[in-house]
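Next come the chains, spelled out residue by residue.
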Amino acid sequence: MKKFYKLALTASKIMEVIHWGTALFMAGLLVCSLVNGPWLQGVLEQNVPEYGTVMSVYGFEVEAVDGAGHVSPQVLALFSAAAVMILSLMAMVCRNLYLILKKSEGVTPFQPDNIRMVREIGIFYIAVPFVGLAVSNLARLMLGPDALEMSVDYGGLITGLVMLCLSQFFAHGMELERDLDGLM
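Residues numbered from 1 in each chain as written. Predicted model: local features only at pLDDT ≥ 70, side-chain atom pairs only at ≥ 80, totals over all residues. Heavy atoms only, no water.

**Here we look at the sheet that holds strand β3 (residues 150-152)**
- Ordered in space as β1-β2-β3, the three strands form an open sheet in which the pairing is antiparallel. Among the strands making up the open sheet, the edge pair consists of β1 (54-57) and β3. Here the strands of the sheet are splayed against their neighbours by 10° on average, with no regard to which way each runs.
- One ladder, built from four bridges, connects β1 with strand β2 (residues 60-63); its direction is antiparallel. When the sheet's bridge partners are listed, Val54 is paired in β2 with Glu63. (Pairing = 2+ DSSP bridges. Helix = DSSP H or I, 4+ residues; strand = E, 2+ residues; numbered from the N terminus. Axes fitted to C-alpha atoms, helices over the stretch in contact; angles between N-to-C directions.)

**Brief notes about the environment of Glu177**
- In this fold, Glu177 is placed in helix α5 (residues 155-183).
- Put simply, Glu177 and Phe110 are 67 residues apart on the chain and 7.9 Å apart in space, counted from C-alpha to C-alpha.
- Ignoring sequence-local partners within four residues, the contact set of Glu177 consists of Thr108 and Phe110. (Contact = heavy atoms within 4.5 Å.)

**Observations regarding empty space enclosed by the protein**
- Summed over all chains, the structure comprises one cavity of 30 Å³ or more.
- Here the largest cavity defines a volume of roughly 40 Å³.
- Tyr58, Gly59, Phe60, Ile86, Val128, Pro129, Gly132, Val152 and Asp153 are the residues that line the largest cavity.
- Here the lining of the largest cavity gets three residues from one element, more than from any other, and that element is helix α4 (residues 112-143).
- Split by residue class, the lining of the largest cavity holds six nonpolar, two polar and one charged. (1 Å grid on protein atoms, 1.4 Å probe; cavity = no way out; pocket = protein on both sides within 12 Å on 5 of 7 lines; lining within 4 Å. Points joined across faces, edges and corners; volume = space filled by probe spheres on them. Nonpolar A, V, L, I, M, F, W, Y, C, P; charged D, E, K, R; others polar.)

**A look at the environment of Met150**
- Relative to the helices and strands, Met150 resides in strand β3.
- Among the residues examined, Met150 registers a relative accessible area of 11% and is labelled buried.
- In contact with Met150, other than residues within four places in its own chain, are Phe60, Glu61, Val62, Val135, Ser136, Ala139 and Arg140. (Buried < 20%, exposed > 50% of the residue type's maximum accessible area, 1.4 Å probe, protein only.)

**A word on a nonpolar patch on the surface**
- Taken together, the side chains of Ile158, Leu161, Val162, Leu166 and Phe169 define a hydrophobic patch exposed on the protein surface, amounting to about 480 Å² of accessible area.
- The topology assignment puts Leu161 in helix α5.
- The exposure class assigned to Leu161 is partly exposed, which follows from its relative accessible area of 48%. (Patch = residues over 30% accessible without salt bridge, like charges linked within 9 Å, V, L, I, M, F, W, Y side chains within 5 Å. Areas by Shrake-Rupley, 256 points an atom, 1.4 Å probe, with all protein chains shown as cover. Salt bridge = Lys/Arg side-chain N within 4 Å of Asp/Glu carboxyl O.)

**A look at unusual backbone geometry**
- Of note, Tyr58 is a non-glycine position whose phi angle comes to about 45°, a positive value.
- Tracing the sequence through the fold places Tyr58 in the loop between β1 and β2.
- You can call Tyr58 partly exposed: its relative accessible area is 41%.

Structure representation (structure tokens):
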């Protein structure tokens with residue numbers, strides 16, 4: 001069990017760092033698409049057959065190439081902005097997981113901070129599809145309804161609801177533990 005704990009602790013920290021690094025990369029791509037869109041468009045169009053045409057991050061997908069085979073810098077900017085927000089939310093999920101594991105080492109997991117962090121994880125998971133939906137609607141308003149293909153996966157809603165329920169179970173467990181300690 002101790003090996004699994006150390007593995008989970010290490011993996012959550014590594015995943016947090018990877019998510020923050022990828023969010024930073026996507027922020028750079030956002031700036032590049034806003035500052036020098038035509039150059040970036042040319043680079044991407046040269047490499048599209050090699051890498052594919054669909055950009056995706058946690059269920060938010062955008063078709064990068066239009067019918068004529070061109071990559072729109074505006075679409076890339078919108079996708080990059082959404083990716084920064086989604087990857088930041090997922091980095092916060094990994095951060096909270098790391099903190100919960102670290103704070104619960106050798107003591108009870110039924111602590112107010114852990115309950116708050118589990119609740120936050122649920123909120124972060126619920127926010128991911130809403131970010132995708134908001135950016136999808138914004139893109140349709142800015143570029144027109146037929147300008148691009150986007151899809152949003154709502155699986156994060158279920159995961160978020162499960163995490164919110166778990167936070168309630170943790171709160172109840174903390175109350176029961178407190179009552180038991182009061183009886184002794």
